[in-house]
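Descriptive analysis of the structure
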Amino acid sequence: MKTLVVSALLALVGCAQASREDAARAPSAAALWLEGVAEAHAEADARAGAHAQRALEAARARPVPAGVSAADRRRVLQDLQFRLAVLALHADDPARASAEAERGLALGRDDDTYTTNLLIVQGRAVGALGQRASAAEAYAAALAIHERLLQRALEGTP
Amino acid sequence: MSARLGAAASASLLLACAAREPPPPQAAVPALAIDARLTELRGVEQALGASLLSTPDCPRAHEHLRALCALADAICAETREGQAAPHDARCLDARTRCASAEQRVKERCP
């Protein structure tokens, strides 16, 4: 009887340990979200046009898990917005490209490539719409960021 | 890296001093003169340290320079299309900033 109880307890502990190990091995919600975004990018790389757009839009629509930092959230979503804006430009739809770029920039700005990419694609989009001054303004904002990044590179600061 | 460079520089200075021939006997130097010399040497050390601590990231600098000047071109292309006076000033400003950046990169990353 005693042996049976010990065996049962060991089995229970074993199960508990196994489930804890499984939990540790299981990818976090943040990792799964990032994986989904990466898959969407890969699909957009492989298939152009409407298919690519749908994949990227689906990735954008996924809720961002709580474990993702605000900075990472902005970068990942801005990268998606950039690609959606480029796709719209390639589809000769500068109005949609501008809207996608604007949506990305609304997530925040920082001195990084994500922001400059969006500013550049926004410049192209509004330029194609004949809004030359707005295009120059977007390019000037991107230029100012590169100027600061250049200064940091020359100073050897990250 | 900067700390290693600083240490290497100090070590080289020490080795250079050790390798030198012993100086000929001199008359006693007044304490004030020694203090002044030490201050002067610290200044040199600081200047050396500053230049060693800030090692530029030249590949990254060149990358940003290319982007900056390409954007200056894009600004000028837009202002040419728009043909409005304030935009020409923006083109001039962008070109000036590109030239200034080129100069800075040339100085730090020859």
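Up top is the structure.
Scoring rules and cut-offs
Throughout, a residue's number is its position along its own chain's written sequence, starting from 1. Each chain takes a letter, starting from A, and each ligand takes a number, starting from 1, following the order in which they are written. The predicted nature of this model means local features are confined to residues of pLDDT at least 70 and side-chain atom pairs, given and counted, to a pLDDT of 80 or more, with totals for whole chains, interfaces and linings taken over all residues. Hydrogens and water are ignored here; the side-chain numbers use all heavy atoms of the structure. Think of it this way: any DSSP run of H or I at least four residues long counts as a helix, any run of E at least two long counts as a strand, and we number them from the N terminus. For every residue, the accessible area (1.4 Å probe, protein chains only) is compared with the maximum for its type, and the residue is labelled buried under 20%, exposed over 50%, or partly exposed between those bounds. For this analysis, residues touch if any pair of their heavy atoms sits within 4.5 Å. Surface accessibility in these figures is a Shrake-Rupley result with a 1.4 Å probe; residues are shielded only by whichever protein chains are displayed. Once two parts are joined, some of their accessible surface, as seen by a 1.4 Å probe, is lost; buried area is that loss totalled over both. A side-chain nitrogen of Lys or Arg and a carboxyl oxygen of Asp or Glu constitute a salt bridge if their distance falls within 4 Å. Pairs of N or O atoms within 3.5 Å make up the polar contacts considered here, provided that, within protein, one atom can donate a hydrogen while the other can accept it, and that residues adjacent in sequence are counted only when both atoms are side-chain atoms. Amino acid classes used here: Ala, Val, Leu, Ile, Met, Phe, Trp, Tyr, Cys and Pro are nonpolar; Asp, Glu, Lys and Arg are charged; the rest, including Gly, are polar. A helix's residues, less one, multiplied by 1.5 Å, set its expected span. As a rule, the C-alpha atoms of each element are fitted with a line to give its axis, helices using only the stretch in contact, and angles between N-to-C directions run from 0 to 180 degrees. Roughly parallel means an angle under 35 degrees; roughly antiparallel, over 145; roughly perpendicular, 65 to 115; everything else is oblique. Definitions for this section: a left-handed crossing has its near helix turned counterclockwise from the far helix by less than a right angle. A right-handed crossing has that turn clockwise. Grouping buried Ala, Val, Leu, Ile, Met, Phe, Trp, Tyr and Cys residues that are joined through side-chain atoms within 4.5 Å yields what is termed a nonpolar core. Disulfide: a pair of cysteine sulfur atoms within 2.5 Å of each other.

Counting secondary structure elements, chain B contains 4 helices and 0 strands. Its helices and strands in sequence order give chain B the pattern α-α-α-α, from N to C terminus. Burial statistics for chain B: of 110 residues in total, 18% are counted as buried. Restricting the contact set of chain B to residue pairs at least 6 apart, pairs at least 24 apart contribute 69%. In the form shown here, chain B has an accessible surface area of approximately 8,000 Å², with 63% of it arising from carbon and sulfur atoms.

In this section: the interface of chain B and chain A. Each side of the interface is counted separately: chain B has 27 residues, and chain A has 24 residues. When chain B packs against chain A, the two sides together hide about 2,100 Å² of surface, and 66% of this comes from carbon and sulfur. Our count for the chain B to chain A interface comes out at 2 salt bridges. Here B:E78 ties to A:R132 by a salt bridge, and the two come within 3.0 Å at their closest N and O atoms. Where chain B packs against chain A, one counts 7 residue pairs in polar contact (both at pLDDT 80 or more). Elements with a minimum of two residues in the side of chain B that touches chain A: α3 (58-82) and α4 (85-108) of chain B. Take the side of chain B that touches chain A: its biggest share by element is 14 residues, from α3(B). The class makeup of the residues in the side of chain B that touches chain A is 13 nonpolar, 6 polar and 8 charged.

Let us now look at helix α6 (residues 113-128) of chain A. Each full turn of the α-helix corresponds to 3.6 residues, which orients residues three or four apart in the same direction. All names here are of chain A. Between the first and last C-alpha of α6 there are 22 Å, a value that for 16 residues agrees with the 22 Å anticipated at 1.5 Å per step. Taken as a whole, α6 has its buried residues at T115, T116, L118, L119, V121, Q122, G123, A125, V126 and G127. Positioned one or two residues after α6, G130 has a phi angle of 85°, which is positive.

Here we come to the packing of α6(A) against helix α7 (residues 132-155) of chain A. All names here are of chain A. Between α6 and α7, the shortest axis-to-axis distance is 8 Å and the interhelical angle comes to 165°. Taken together, α6 and α7 sit at an angle that is classed as roughly antiparallel. The interaxial crossing formed by α6 with α7 has left-handed handedness. Between α6, through T115, T116, L119, I120, Q122, G123, R124, V126 and G127, and α7, the contact on the second element is made entirely by R132, S134, A135, A138, Y139, A141, A142, I145 and H146. Here the residues of the contact of α6 with α7 are counted per class, giving 9 nonpolar, 7 polar and 2 charged.

With that out of the way, let us pick up the nonpolar core. Within the largest apolar cluster, 30 residues are counted, with the highest numbers of intra-cluster contacts made by A:L143 and A:L150. Breaking this core down by element, the ones donating at least two residues are α5 (94-105), α6 and α7 of chain A together with α3 and α4 of chain B. Top element by residues in this core is α7(A). It accounts for 10 residues. Those residues in contact with A:L143 that sit more than four places away from it in its chain are B:L68, B:L71, B:A72, B:I75, B:A94 and B:R97.

A few words on the pattern of salt bridges. One side chain can pair with another of opposite charge once the charged atoms of both are near each other. Here the structure, examined in full by the defined rule, presents 14 salt bridges over all chains. Between A:E147 and B:R97 there is a salt bridge, and its shortest N-O distance comes to 2.7 Å. In this pair, A:E147 is assigned in helix α7 and B:R97 in helix α4, connecting two distinct chains. One network of salt bridges, in which partners are shared, links A:R74, A:D110 and A:D112.

Turning to the packing of helix α2 (residues 29-46) of chain A against helix α3 (residues 49-61) of chain A, a few remarks are in order. All names here are of chain A. The contact between α2 and α3 brings their axes to 8 Å, and the two run at 170°. By the criterion of interaxial angle, the relationship of α2 to α3 is roughly antiparallel. Contacts between α2 and α3 pair W33, V37, A40, H41, E43 and A44 from the former with A52, A55, L56 and A59 from the latter. Split into classes, the residues belonging to the contact of α2 with α3 amount to 8 nonpolar, 1 polar and 1 charged.

Residues and elements named next belong to chain B. Scanning the model with the defined rule gives 3 disulfides over all chains in all. Across a sulfur-sulfur distance of 2.2 Å, C58 and C109 are joined as a disulfide pair. Classification of the bridge connecting C58 and C109 rests on its S-S torsion, roughly -90°, and on that basis the disulfide is left-handed. Taken together, the positions of C58 in helix α3 and C109 in the segment after α4 put the pair 51 residues apart, joining distant regions of the chain. When its relative accessible area of 6% is taken as the criterion, C109 is described as buried. One disulfide in the model links C76 with C91; its S-S distance is 2.1 Å. The disulfide joining C76 to C91 has a torsion of about 100° about its S-S bond and is therefore right-handed. Residue C76 is located in helix α3, and its partner C91 is located in helix α4; the two are separated by 15 residues in the primary sequence. Comparing C76 with C91, the two get one shared label, buried. Shown here for chain B is a disulfide pattern of 1-6, 2-5, 3-4, where each number marks a bonded cysteine counted in sequence order.

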